[in-house]
Amino acid sequence: MKRQTVVTALIAAGMAAAVCGLAGFGVAQAQVSGQGGPVMVGGDSMHMDELAHTQTITGRVEVMQDDARLRADKVVITRQAGPNGKGFGEVVSIVASGNVYYVTPESTMKGEQAVYTKATDDMVLTGDVILTQNQNVTTGTRLVYDLTQKTTTFDAGTGRVKAIIYPDKK
């Protein structure tokens, strides 16, 4: 089977699973975008474990929701048990690793790992983290982005947070 056909089949399978409640995110949930809504997941392969309530997507992974996009080498989505303790329910966490990019209309965040936690509705990026907003650039080793409040907290462990900030032109 051609590579493009396999990728297309995986995306179609992911979309079909979303309709059945296996791979989709609830409309009221806000996993990748602070706005919630349906989520499109794609990658080179997807493994679903109903007993562990996880989905593992590998190879050029893209998770898109509304105007936000998460890209990584690997993404593991952990969910609560579905109805009657079986299948997949609401998302508990999303862990992205390897060449992580989180892109919104306002900013681009880059790191080695990103962890989304539904309970706190935040995304924590670690590694050599770079935040770009227009021309402004901030670097450090850990960034916490609150999807609800749209706030960002940076730290650099034993190093220093560094920023280049350009004032708005009038």
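Below, the structure is looked at part by part. These numbers come from a predicted model, not from an experiment. (Residues numbered from 1 in each chain as written. Predicted model: local features only at pLDDT ≥ 70, side-chain atom pairs only at ≥ 80, totals over all residues. Heavy atoms only, no water.)

Secondary structure assignment for the protein chain yields 1 helix and 10 strands. In sequence order, the protein chain lays out its α and β elements as α-β-β-β-β-β-β-β-β-β-β. Across the 170 residues in the protein chain, those meeting the buried criterion constitute 37%. Sequence separation of at least 24 residues holds for 41% of the intrachain contacts in the protein chain that already meet a minimum separation of 6. Counting only carbon and sulfur atoms, one obtains 55% of the accessible surface of the protein chain, whose full area is about 9600 Å². (Helix = DSSP H or I, 4+ residues; strand = E, 2+ residues; numbered from the N terminus. Buried < 20%, exposed > 50% of the residue type's maximum accessible area, 1.4 Å probe, protein only. Contact = heavy atoms within 4.5 Å. Areas by Shrake-Rupley, 256 points an atom, 1.4 Å probe, with all protein chains shown as cover.)

A few words on the pairing of strand β9 (residues 151-155). Bridging between strand β8 (residues 136-146) and β9 involves 5 bridges; their strand directions are antiparallel. Its bridge partner lying in β9, V144 is registered against T153. The hairpin turn running from β8 into β9, its antiparallel successor, is 4 residues long, and K150 in that turn takes a positive phi close to 60 degrees. (Pairing = 2+ DSSP bridges.)

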